[in-house]
Amino acid sequence: MLYHLTNSRGISVEFLDHGGSIKSVKVPDRRGAMANVVLGFATEEEYHRDHPYFGALVGRFSGRIARAQFTLDGKQYSLSANTGRNHIAGGFSGFDKKLWNVDLLSNASARLTYRSVDGEEGFPGNLQVAVSYTVTEENALQIDYEATTDKPTVLNLTNHSYFNLTGEGSGSVERHVLTVKADSVIEVDSELIATGRFLSVEGTPLDFRQPQEIGARIRSNHPLTRFAKGYDCSYVLDGGGALRHVANVYDPVSGRILDVETTEPSLAFYSGNFLDGSLIGATGRQYRQGDAFTLEPRHLPDSPNQPTFPSTVLRPGETFRATTVYRFSNDGGE
């Protein structure tokens, strides 16, 4: 079922109960013209087929877990290995494929809930998850996450929306200008599994501390861009658990601007490297490599196997909470 949220200024968001998938986000350009700036499909049925998590809620664990296993409190857990010998994004039937219960709280806000049972995709504990989508009067989409469990478990939630600020189906985002407030990224191996090391971005094509076009250095020979065929990086963020500004994207064509705020310790930046033209979007256009980017606040990949990373363990009696804000504006004003 499709749901519609809007604020008094005309910014609107459409999402589905299937996967909690955000189907469209319509915001104005510098001339006031509205356009959908996220990738997705024309019909609800298409979201039930295999696709690269367009707009979906991802869990229980966003990111990769090495060898599809981890040990918690002395017990080893085996997960579904859905990317080679490793686990990614909740498994074969993660949160992106579940039917979420939806309560509309107002014209601008909705609360989605899902109960993940003990053993689902190999994860321990009955997990109760709530996610709120709110379109604020400041022209932002705010996503609030909350979860509790009845057994010790691990958890890493995010939303996997693909953005193109020129508009869905408009072509490459390589001219978009990106800024990320991070001094380091997670090193990964050829399977894109975290090694446990933090790498400085200084002097590398991964350095977006100053505004850079996404495509300016994407074809470098840096190991991380070579392994991923583009950008697929987990940036390490400062600021603890406070809500703070972590990234900015500017599209010189439309004048649209996206600012990202989060309470999370990491930001995953992906440049749409594996879009290959096989998927047809909402307006009938092919999605090709580089036609979108994602900026996904979350915890670090493979955290259950990396003791130096911020913990993703959730225990009974605790409540997991996180907030991400996608704020839209443009260079012509609002």
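Because the structure is predicted, anything quoted here is derived from the model rather than measured. (Residues numbered from 1 in each chain as written. Predicted model: local features only at pLDDT ≥ 70, side-chain atom pairs only at ≥ 80, totals over all residues. Heavy atoms only, no water.)

Peer 1: I tried to follow the side chain of E168 on my own but got confused; where do I start?
Peer 2: Considering the arrangement of structural elements, one finds E168 in the loop between β15 (158–160) and β16 (177–180). The side chain of E168 is buried and forms no salt bridge, while R285, the nearest opposite charge, is found at 5.0 Å. One polar contact links the side chain of E168 to the main-chain amide nitrogen of A282, over a distance of 3.2 Å. Setting aside anything within four residues of it in sequence, one finds E168 in contact with N36, V37, V38, L39, G40, G281, A282, T283, R285 and Y287. (Helix = DSSP H or I, 4+ residues; strand = E, 2+ residues; numbered from the N terminus. Buried < 20%, exposed > 50% of the residue type's maximum accessible area, 1.4 Å probe, protein only. Lys, Arg positive; Asp, Glu negative; His and termini not counted. Salt bridge = Lys/Arg side-chain N within 4 Å of Asp/Glu carboxyl O. Polar contact = N/O pair within 3.5 Å; in protein donor to acceptor, adjacent residues only side chain to side chain. Contact = heavy atoms within 4.5 Å.)

Peer 1: Help me understand the sheet that holds strand β20 (residues 232–236), please; the structure alone is not making it clear to me.
Peer 2: The strands making up a sheet associate through backbone hydrogen bonding, with each pair oriented either parallel or antiparallel. The strand order across the open sheet built from 5 strands is β18-β17-β20-β23-β24, with neighbouring strands paired in antiparallel fashion. For this open sheet the edge positions go to β18 (194–200) and β24 (294–298), each flanked by a neighbour on one side alone. Going from strand to strand, the sheet's axes swing by 30° on average, the running direction of each strand aside. When strand β23 (residues 266–270) meets β24, the two strands line up antiparallel, connected through 5 bridges. (Pairing = 2+ DSSP bridges. Axes fitted to C-alpha atoms, helices over the stretch in contact; angles between N-to-C directions.)

Peer 1: Any chance you could explain the sheet that holds strand β26 (residues 320–330) here in plain terms?
Peer 2: Pairing is antiparallel across the open sheet formed by 9 strands, whose spatial order is β10-β11-β12-β13-β26-β22-β21-β16-β19. The two strands at the open ends of the sheet, each matched to only one other strand, are β10 (101–106) and β19 (212–213).

Geometry only, nothing functional implied.
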